[in-house]
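# Observations on the model geometry
Now for the letters of each chain:
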Amino acid sequence: AQTVTQSQPEMSVQEAETVTLSCTYDTSENNYYLFWYKQPPSRQMILVIRQEAYKQQNATENRFSVNFQKAAKSFSLKISDSQLGDTAMYFCAFLPLTGNQFYFGTGTSLTVIP
Amino acid sequence: EPEVTQTPSHQVTQMGQEVILRCVPISNHLYFYWYRQILGQKVEFLVSFYNNEISEKSEIFDDQFSVERPDGSNFTLKIRSTKLEDSAMYFCASSESHYGTDTQYFGPGTRLTVL
């Protein structure tokens, strides 16, 4: 069974600063995908970034980047130059290569302080 | 950009009543999903659906739940006899395929309140 753990229920960051959200997971699979989803107060979940486990290079999307450590089963999200619109709940998610069921963490509530 | 839509945004019902939550997936997507999020808890997978049949379901998805694609556009989740613990946000999602390279796009959710 797959589990995803986000150990930081709440975090805050000053506008324009950098923040890192932690995620660890447990799986016996060798090939899988990892995701970070953002859920703003409007409640619609939006994909932030995706990482394929077979790729060693860390994914980057503009101000968002990940630190993927496969051996440690760690997948942290770094947000640079934080903006007020980044205030949201962030979910880490795991998707096995052979399945279509997402496994989500419990989320980290991020507040960007002006 | 195409979006997944869900109706209603908020549904209030009495315990024991049937509810149908509706979703319109993105038009060229073939895989459909339902998730739920009880307030303050993580998002949980309920079911995935492809080619007019369930392809995967979780243990949460018991006989009280059913899904249907009644026409070419809608994808519904029915709860036959709601319980208090069914109160949650229900998210529909769709994807072009079941591979992780194809993103699951989530709808805005339906908040179900069971009284």
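What comes next is a walk through the structure. What you see is a predicted model, and the numbers here were worked out from it, not measured in a lab.

What follows concerns the packing of aromatic side chains. Counted according to the given criterion, the structure contains 25 aromatic pairs over all chains. Between Trp 36 of chain A and Phe 75 of chain A, the aromatic rings sit 6.3 Å apart at their centres with planes inclined by 20°, giving stacked as the arrangement. In this pair, Trp 36 of chain A sits in strand E5 (residues 32–39) while Phe 75 of chain A sits in strand E9 (residues 74–79), placing the two residues 39 residues apart along the sequence. No difference in accessibility class separates Trp 36 of chain A from Phe 75 of chain A, as the two residues are buried. Between the aromatic rings of Phe 61 of chain B and Phe 65 of chain B, the centroid separation amounts to 5.7 Å while the plane-to-plane angle is 25°, which identifies the pairing as stacked. The burial state of Phe 61 of chain B is the same as that of Phe 65 of chain B; both residues are buried. Taken together through their ring pairs, the aromatic side chains of Phe 35, Tyr 37, Phe 91, Phe 102 and Phe 104 of chain A together with Tyr 33, Tyr 35, Phe 45 and Phe 106 of chain B make up a single cluster.

Another point: the environment of Gln 2 of chain A. Residue and element names in this part refer to chain A. Following the sequence through the fold, Gln 2 ends up in the segment before strand E1 (3–5). When the C-alpha positions of Gln 2 and Ser 28 are compared, they lie 7.9 Å apart, and in sequence the two are 26 residues distant. When near neighbours in sequence (up to four residues on either side) are disregarded, Gln 2 contacts Asp 26, Thr 27, Ser 28, Glu 29, Phe 94, Pro 96 and Tyr 103.

Let's shift gears to the interface of chain B and chain A. Taken together, the 23 residues of chain B in the interface contact 20 residues of chain A. Here chain B and chain A share an interface that buries about 2,000 Å² over both sides, 52% of which is from carbon and sulfur atoms. Here chain B is connected to chain A by 0 salt bridges. On the surface where chain B and chain A come into contact, there are 3 residue pairs in polar contact (both at pLDDT 80 or more). Looking at the side of chain B that touches chain A, the elements that each hand over two or more residues are strand E4 (31–37), strand E5 (43–50), strand E6 (53–57) and strand E9 (88–95) of chain B. Among the elements that take part in the side of chain B that touches chain A, E4 of chain B stands out by supplying 4 residues, more than any other. Looking at the side of chain B that touches chain A, its residues break down into 10 nonpolar, 10 polar and 3 charged.

Moving on, we come to the state of the cysteines. In this structure the tally under the stated criterion is 2 disulfides over all chains. One disulfide bridge connects Cys 23 of chain A with Cys 92 of chain A, the sulfur atoms lying 2.0 Å from each other. Note on the Cys 23 of chain A and Cys 92 of chain A pair: the S-S dihedral is about -70°, so by sign convention the disulfide is left-handed. Here Cys 23 of chain A is found in the loop between strand E3 (19–21) and strand E4 (24–26), whereas its partner Cys 92 of chain A is found in strand E10 (residues 88–96), with 69 residues between them in sequence. Neither Cys 23 of chain A nor Cys 92 of chain A differs from the other in exposure class; each is buried. Across the disulfide from Cys 23 of chain B sits Cys 92 of chain B; the S-S distance is 1.9 Å. Between Cys 23 of chain B and Cys 92 of chain B, the S-S dihedral sits near -65°, and the bridge is therefore left-handed. In this pair, Cys 23 of chain B sits in strand E3 (residues 19–24) while Cys 92 of chain B sits in strand E9, placing the two residues 69 residues apart along the sequence. One exposure class covers both Cys 23 of chain B and Cys 92 of chain B, and it is buried.

The rules we used
- Residues numbered from 1 in each chain as written.
- Chains lettered and ligands numbered in written order.
- Predicted model: local features only at pLDDT ≥ 70, side-chain atom pairs only at ≥ 80, totals over all residues.
- Heavy atoms only, no water.
- Phe/Tyr/Trp six-rings, centres within 6.5 Å; stacked < 30°, edge-to-face > 60°.
- Helix = DSSP H or I, 4+ residues; strand = E, 2+ residues; numbered from the N terminus.
- Buried < 20%, exposed > 50% of the residue type's maximum accessible area, 1.4 Å probe, protein only.
- Contact = heavy atoms within 4.5 Å.
- Buried area = accessible area lost by both parts, 1.4 Å probe.
- Salt bridge = Lys/Arg side-chain N within 4 Å of Asp/Glu carboxyl O.
- Polar contact = N/O pair within 3.5 Å; in protein donor to acceptor, adjacent residues only side chain to side chain.
- Nonpolar A, V, L, I, M, F, W, Y, C, P; charged D, E, K, R; others polar.
- Disulfide = S-S within 2.5 Å.

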